[in-house]
Amino acid sequence: MSSAQATKNCITLKGSAQIIVDYLKYGIHSILFQRGVYPSDKFEATQQYGLTILMSKDPRITTFLQNVLSQTEEWLSKNMIRKVSMVITNAHSKEVLECWEFKMEAEKGDNQVADPSQRTSSKDLTRIQNEIREVMRQISASVSYLPLLDCICAFDLKIHTPGNTEIPAKWGESEAFVIPNAQSVQLRSFSTGLHKVETVVNYKLNN
């Protein structure tokens, strides 16, 4: 079960952020494995959402993700994130080959209070995790239609926030990117009752 902050059938905004960041963590690791961004022997299996998920053992990757996702959780608990993008590039040419977009939309929850930070959701955690499991299955199945990444690749994460957001000192503003001849596939969405999350993969269609 998720470590989300929740009383019986009561998810807080902070708890919703924890659920989503857990999904991002397992989803990003799964994408790195499924898309062959790093060698398969650099991953180890773990159980989550009733599925076997391959997680990177590389401390550089795990530390990077921990730093980015901890900040993501803080901003998301304040409804300051519109989208998180995972960008896969050709490590040599820097060409963008694939972009996984995790779009987040605030929901009203059960109580229509004026202060969004006080809203809660009574949606059952098991139901939420079942919805996430279906998205994770679609991520695993994506290798059946996504083009082979036949070059050395790298990845980065971009967090889309309001323009007045205070950015951590070691972070920087990122420029917009374009995938030429792009195709998109919409995966299933899930909801915590306080956030709706949609996952979309955009990829370069090989000629």
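Residues numbered from 1 in each chain as written. Predicted model: local features only at pLDDT ≥ 70, side-chain atom pairs only at ≥ 80, totals over all residues. Heavy atoms only, no water.

Considering the side chain of His195
For the record, the criterion: Numbering of helices and strands starts at the N terminus; helices are DSSP runs of H or I of at least 4 residues and strands are runs of E of at least 2. Three exposure classes are used, based on accessible area relative to the maximum for each residue type with a 1.4 Å probe and protein chains only: buried under 20%, partly exposed in between, and exposed over 50%. Distance and chemistry together define a polar contact, namely a pair of N or O atoms within 3.5 Å, with one atom able to donate a hydrogen and the other to accept it when in protein, and with adjacent residues in sequence counting only for side-chain atoms on both sides.
Relative to the elements of secondary structure, His195 occurs in strand β9 (residues 195–204). Residue His195 is classed as buried on the basis of its relative accessible area of 1%. A distance of 2.6 Å separates a polar atom in the side chain of His195 from a polar atom in the side chain of Ser16.

Some details on the side chain of Gln48
Within the secondary structure, Gln48 is located in strand β3 (residues 43–48). Note on Gln48: relative accessible area 17%, which makes it buried.

Re the state of the cysteines
The condition is simple: Two cysteine sulfur atoms make up a disulfide if the distance between them is within 2.5 Å.
If you walk through the whole model with that rule in mind, you get zero disulfides. Cysteine Cys151 remains unbridged, with the sulfur of Cys153 as its closest cysteine sulfur at 3.8 Å. Judged by relative accessible area, which is 27%, Cys151 ranks as partly exposed.

Remarks on the packing of aromatic side chains
Convention followed: Ring geometry is summarised as follows: Phe, Tyr and Trp rings, the Trp one being its six-membered ring, pair when their centres sit within 6.5 Å, and such pairs are stacked at plane angles under 30 degrees, edge-to-face over 60 and tilted between the two.
A full pass over the atoms with the stated rule returns six aromatic pairs. Geometrically, the ring pair formed by Tyr23 and Phe102 is edge-to-face, given 5.9 Å between the ring centres and 80° between the ring planes. One end of the pair, Tyr23, is in helix α1 (residues 13–34); the other, Phe102, is in strand β6 (residues 96–106), with 79 residues separating them in the sequence. Taken individually, Tyr23 and Phe102 each receive the classification buried, so the pair is uniform in this respect.

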